[in-house]
Amino acid sequence: MTIFEQIDPDLLYPDSDGKPMADNTEQYRWIVLIKENLEILFANNDNVLIAGDLLWYPVRSRLIAPTAPDVMVVFGRSKGKRRSYRQWQEDNIPPQVVFEILSYSNDTKEMERKLEFYDTYGIEEYYLYDPESFQLDGWLRQNNHLNKLWQMDGWLSPRLGIRFQTGFGELVIYRPDGQRFLNSLELNQRVEQAELLLEQERQRAQQLAAYLRNLGIDPDNLP
C-alpha cells in the first residue's frame, strides 16, 4: 500500500474548492434554471445524474486539479447524493454534457483552461453562456476533440434533445416537447393553472351529475 492509499481520500480529494457557486444573481439564476429544468426533463430516468457546482475529479491523481462545472449531466450514473464526482468510483463514466455561465470574475485564460480540461477528459457537449451579452457558444465532440459550433440559433443538443434559441436577445431553451425552460415562479404558476382547470372540470362534472339526477337519470349507471 502506497502512502497515498493510506491517506483519507477526503483529504486527497476534497469536496470543495473554496469558491462560491455564483458571483452574482444573474449567473445564479441561469445555473438554477438550467439545472432544475434538466432535473424535471429527466425525472423519470434514474440513470441520469444532474449536478450543479459539483467538483469533478476525472482521474485518481493529485497532479490533476478538479473542476466544478456550473451544471453537468452524466448519463449512465444513478441519481443521488454526491459530495464530489470521483470518476473512478462512477464506473469511470465522465459527464457527457456541461454548462458554464460566465460571470465578471471569469477571465479568458480561465475559460481556455476549462475548455482544454473538458476536451481532454471526454465531454461530448459543452455550452458557454454569457447572460450579459446574450452570447451562447457551443462545442461538440467530433474526431475525439471538442469542435466549435458556429450556428447556435436553433441548435438541438444530441444528448439532451433540448433546443437553443438565440435570435431574439436573451437565450431561450426549449424542451423536446416544445415547452420552454421555466423558472420556479413560472413553474408554480403553471401548476396553479393546471389545478384550477382540474377544479373547474370537477365542478362541471358535479353540475352535470346533479342535472341528470333531476331528470331521473342515475349518472353512475349510464351506458
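Predicted model, so just to flag it, every value in this text is computed and none were measured. (Residues numbered from 1 in each chain as written. Predicted model: local features only at pLDDT ≥ 70, side-chain atom pairs only at ≥ 80, totals over all residues. Heavy atoms only, no water.)

S.K.: Got a minute to help me understand the overall build of the chain in this structure?
M.R.: Counting its secondary structure elements, the chain contains 5 helices and 10 strands. Counting all 223 residues of the chain, 36% fall into the buried class. Pairs at least 24 residues apart make up 55% of the contacts formed inside the chain by residues separated by at least 6 positions. (Helix = DSSP H or I, 4+ residues; strand = E, 2+ residues; numbered from the N terminus. Buried < 20%, exposed > 50% of the residue type's maximum accessible area, 1.4 Å probe, protein only. Contact = heavy atoms within 4.5 Å.)

S.K.: Looking at this structure, I do not really get a nonpolar patch on the surface. What am I missing?
M.R.: A cluster of nonpolar side chains, Tyr 211, Leu 215, Ile 217 and Leu 222, forms an exposed patch at the surface whose accessible area comes to about 400 Å². For Leu 222, the location among the structural elements is in the segment after helix 5 (184–214). A relative accessible area of 47% means that Leu 222 is categorised as partly exposed. (Patch = residues over 30% accessible without salt bridge, like charges linked within 9 Å, V, L, I, M, F, W, Y side chains within 5 Å. Areas by Shrake-Rupley, 256 points an atom, 1.4 Å probe, with all protein chains shown as cover. Salt bridge = Lys/Arg side-chain N within 4 Å of Asp/Glu carboxyl O.)

S.K.: Just to check I follow, could you spell out the sheet that holds strand 6 (residues 125–130) for this structure?
M.R.: Whether parallel or antiparallel, the strands of a sheet pair through hydrogen bonds between backbone atoms. Sheet architecture is open: 6 strands sit in the order 1-3-5-6-7-8, paired in mixed fashion. Looking at which strands have only one partner, the edges of the open sheet turn out to be strand 1 (48–52) and strand 8 (145–149). Across this sheet, the average inter-strand angle for adjacent strands is 15°, counted without regard to direction. Bridge count for strand 6 against strand 7 (residues 135–142) is 6 bridges, and the pairing is antiparallel. In the sheet register, Asp 130 faces strand 7, and the bridge partner there is Gln 135. Of the strands in this sheet, strand 1, strand 3 (71–75), strand 5 (97–101) and strand 6 touch helix 3 (residues 25–41), which is tilted by about 155° from strand 5. (Pairing = 2+ DSSP bridges. Axes fitted to C-alpha atoms, helices over the stretch in contact; angles between N-to-C directions.)

S.K.: Would you mind showing me how to read the pattern of salt bridges here?
M.R.: Where charged atoms from two side chains of opposite charge approach closely, those side chains can pair. Overall, the coordinates contain 12 salt bridges when judged by the stated rule. The partner of Arg 29 in a salt bridge is Glu 26, with the nearest N and O atoms 2.5 Å apart. Pair noted here: Arg 29 and Glu 26 are both in helix 3, with a separation of 3 residues, about one helical turn. Owing to a relative accessible area of 22%, Glu 26 belongs among the partly exposed residues under this scheme. With its nearest N and O atoms 2.7 Å apart, the salt bridge here joins Asp 177 to Arg 175.

S.K.: In this structure, what is going on with unusual backbone geometry? I would like to understand it.
M.R.: Among all residues save glycine, negative phi is the norm, and among peptide bonds the norm is trans. A positive phi is found at Asp 53, a non-glycine position, where the angle reads about 55°. The residue Asp 53 is located in the loop between strand 1 and strand 2 (56–57) in this model. Relative accessible area serves as the criterion here: at 27%, Asp 53 is assigned to the partly exposed category. Non-glycine residue Asp 91 carries a positive phi angle of around 55°. Asp 91 gets classed as exposed once you look at its relative accessible area, which sits at 62%.

S.K.: What should I look at first to understand the environment of Glu 26 in this one?
M.R.: Between the C-alpha atoms of Glu 26 and Pro 131, which are 105 residues apart in sequence, the distance is 7.0 Å. Residue contacts for Glu 26: discarding those within four places in its chain leaves Pro 131, Glu 132 and Glu 170.

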